[in-house]
Amino acid sequence: MPSMQFKPLHAAVLAVGIAAGAATVAWSDAARPWMPAAHAQTVATAPAAAPLVTGLPDFTQLVDVVGPAVVNIRTTEKISTQPSMSGMDEDMLEFFRRFGLPVPNVPRQGGPQQPNDEGEERPSGVGSGFILSSDGYVMTNAHVVDGASEVIVTLTDKREYKAKIIGADKRTDVAVVKIDAKGLPAVRIGDVSRLKVGEWVMAIGSPFGLENSVTAGIVSAKQRDTGDYLPFIQTDVAINPGNSGGPLLNMRGEVVGINSQIYSRSGGFMGISFAIPIDEAVRVSDQLRATGKVTRGRIGVQIGQVTKEVAESIGLGAARGALVSAVEPDSPAAKAGIEAGDIIVKYDGKAIDKVADLPRLVGNTKPGTKSSITVFRRGQMRDLSIMVAEVEPDETVAAADGKPSSGATATAKQLGLVVGELSEAQKRALAVKGGVRVLSATDAAARAGLREGDVVLAVANTEVTNVKGFETALSKADKSKPVNLLVRRGEWTQYVLIRPNAK
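What this report covers is the structure whose coordinates are included nearby. The structure presented is a predicted model; accordingly, all values stated were derived computationally and were not measured.

The rules we used
- Residues numbered from 1 in each chain as written.
- Predicted model: local features only at pLDDT ≥ 70, side-chain atom pairs only at ≥ 80, totals over all residues.
- Heavy atoms only, no water.
- Helix = DSSP H or I, 4+ residues; strand = E, 2+ residues; numbered from the N terminus.
- Buried < 20%, exposed > 50% of the residue type's maximum accessible area, 1.4 Å probe, protein only.
- Contact = heavy atoms within 4.5 Å.
- Areas by Shrake-Rupley, 256 points an atom, 1.4 Å probe, with all protein chains shown as cover.
- Salt bridge = Lys/Arg side-chain N within 4 Å of Asp/Glu carboxyl O.
- Expected span 1.5 Å × (residues − 1).
- Arc of directions from axis to C-beta.

**Quick notes on the overall build of the protein**
Logical step 1: Along the backbone of the protein there are 11 helices and 30 strands.
Logical step 2: Counting all 503 residues of the protein, 42% fall into the buried class.
Logical step 3: Residue pairs in contact within the protein that sit at least 24 positions apart in sequence constitute 61% of those at least 6 positions apart.
Logical step 4: Accessible surface, the protein: about 27,400 Å² in total, of which carbon and sulfur atoms supply 53%.

Right, here's the structure in full:
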């Protein structure tokens, strides 16, 4: 890595002195022949600006106050002790299983062993947590207690308790456990909306099993999208394995996040860590404490990002909203009249600035609630009413028939497309009212990514139901600009921009 070189200013040009604790700057007359004397005097005597940052924070009082509410969490899991036919120990077998390798046929060593169907307890992990309430509710990460047969919570005064898992939500990585204790020190919950980028924050946890370790840094970013339901807080606080589930604290001693993830190529801290916003975590923990599970709303759409080029091409203006790529049959969205190609710009009156906003808003809606949705469809805004359903595990969307159509064809020379009619069976399989099937794509169409089997639903914001409608819409499109096509491929729908003159 090349070294950085700093070139000092010439001594005859600038001299810096410290007088009475304040920095003053004096310019030599030889160095400023172009400056009027009066102005030079003004520069020399101008008061120094007040510093924006005064000193570094002291975290000692923060540790004293909040430290007792942070706990260490150890977990164990049951491991079968039934001997393997290969004679290998369990760690070696786990290595082969994890990397999908066949187990070598190694002769058994030693004498005969009796199988133990009950299994034995083996340490499986270590993490952190913090006390939510004085009656023993503790918050941590779901991945800390995932698969655990026993959870041990250790307080700072070395008292240990077996904890009961109240509930865990893998989607947000939040879990709540309960210990049988009273009068415990509890944390204070902070207001994430007041948290600012550049603000000092502190973490307490058990990195690598080192209990009650304190690290500090600043908030690097907010609303960092790394998951469907969570806008993470990004910091440069040192977080390592074992810190998971510990609190992220502001300088007022309030919890603003749960340390959950790191960005790493080595498995250790590399300067970027992520915390779950505490308001999101508390919303989840309230449901876990009440029912042991989390219920979320769903409307039955697959969504994608709206790019700047697509937004300008279809007349939306700024790149915003969530592009509906697919609508599940008989879903709330289908019943409300939402169509593939719609762009959802508002949900319950709240603007959808980016695609990740929609699943969070819908997910936080109680199932059975009637909500409003505003969509942008072929140049116009439409307001729809929708009844929110409940998220079910392992939801899947049936794939549409991918066989090419055998209908009549027509050549769209401007785009390099040959298209054909859709049969009624194909329309039913795709759950579309109309459109045309791409039979071949060359030149500009191929460069744009179109291929055989795609279905074109609209051209330049004009819905097409058949080949004739496709050619009519194409003839009216402005050939001096990229032409936008709404295209269905399998179960996904997206906009494609074709530039006829592109090379």
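**So, unusual backbone geometry**
Logical step 1: Although it is not a glycine, Asp348 adopts a positive phi angle of roughly 50°.
Logical step 2: Phi at Asn461 takes a positive value of approximately 70°, unusual for a residue other than glycine.
Logical step 3: Secondary-structure assignment places Asn461 in the loop between strand E27 (455-459) and strand E28 (462-463).

**Describing the pattern of salt bridges**
Logical step 1: Evaluation of the coordinates by the stated rule reveals 19 salt bridges.
Logical step 2: With a closest N to O distance of 3.0 Å, Glu280 and Arg283 form a salt bridge. Pair noted here: Glu280 and Arg283 are both in helix H5 (residues 278-291), with a separation of three residues, about one helical turn.
Logical step 3: Owing to a relative accessible area of 35%, Arg283 belongs among the partly exposed residues under this scheme.
Logical step 4: For Lys433, the salt bridge is made with Glu339, and the minimal N-O distance between the two is 3.4 Å. Of this pair, Lys433 sits in the loop between helix H9 (424-430) and strand E26 (436-441) while Glu339 sits in the loop between helix H7 (332-336) and strand E19 (343-347), and the two are 94 residues apart along the sequence.

**What about H5?**
Logical step 1: Its 14 residues give H5 an end-to-end C-alpha distance of 20 Å, which sits within 8% of 20 Å, the value for a rise of 1.5 Å per residue.
Logical step 2: For H5, the set of buried residues is Ile278, Glu280, Ala281, Val284, Ser285 and Leu288. An end-on view of H5 places all buried positions within 150° of arc, on one side of the element. Residues Ala290 and Thr291 are exposed on H5 and point more than 90 degrees away from its buried face.
Logical step 3: After H5 finishes, the residue Gly292 shows a positive phi value of roughly 80°.

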